[in-house]
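Residue-level listing of the chains:
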Amino acid sequence: QVQLVESGGGLVQVGGSLRLSCVASGFTFSIYNMGWFRQAPGKEREIVATITSSGSGTYYADSVKGRFTISRDNAKNTVYLQMNSLKPEDAAVYYCAAARSYSILPPSYNYWGQGTQVTVSS
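What this report covers is the structure whose coordinates are included nearby. (Residues numbered from 1 in each chain as written. Predicted model: local features only at pLDDT ≥ 70, side-chain atom pairs only at ≥ 80, totals over all residues. Heavy atoms only, no water.)

For the rest of this paragraph, the subject is the environment of Val48. Mapped onto the fold, Val48 is located in strand β5 (residues 46–51). A relative accessible area of 0% means that Val48 is categorised as buried. Note: C-alpha distance between Val48 and Ala97 (49 residues apart in sequence) is 11 Å. Those residues in contact with Val48 that sit more than four places away from it in its chain are Trp36, Phe37, Arg38, Tyr59, Tyr60, Ala61, Val64, Phe68, Leu81 and Tyr94. (Helix = DSSP H or I, 4+ residues; strand = E, 2+ residues; numbered from the N terminus. Buried < 20%, exposed > 50% of the residue type's maximum accessible area, 1.4 Å probe, protein only. Contact = heavy atoms within 4.5 Å.)

As structure tokens, this is what we get:
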């Protein structure tokens, strides 16, 4: 069955870095666009970054531009999110998701992971 399994979350100090990974199985990863989303308590789920199926195109939310980098390795069925210069407002549950159609909107995504918690301490 389809699975997206995130890892790499945890507790980090302000200004620190984390690298999230998401391993996909059960579908043809290389033809799906991938996205990272996040949801903080009491807030709606929001886009963080997306990457096209080939990896040639990326999108970043303004709030993370210049600090986060999304990448993928189609040979490993894995998408990554490198997060640098972390801020308290980056604290959230981070989800990876897969979409056949390129989009920054959550309803467009077909498959979702279970999420990984990122906590940023000041």
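Below, the discussion takes up the sheet that holds strand β1 (residues 3–7). With respect to topology, four strands assemble into an open sheet ordered β1-β3-β8-β7, the strand pairing being antiparallel. Only two strands of the sheet have a single partner each, and these edge strands are β1 and β7 (68–73). Between one strand axis and the next, the sheet turns through 15° on average, direction left out of account. (Pairing = 2+ DSSP bridges. Axes fitted to C-alpha atoms, helices over the stretch in contact; angles between N-to-C directions.)

Moving on, we come to the side chain of Thr78. Among the secondary structure elements, Thr78 is positioned in strand β8 (residues 78–83). On the basis of relative accessible area, Thr78 is assigned to the buried category, the value being 5%. Apart from residues no more than four positions distant in its own chain, Thr78 is found in contact with Ser21, Cys22, Val23, Phe29, Ser71, Arg72 and Asp73.

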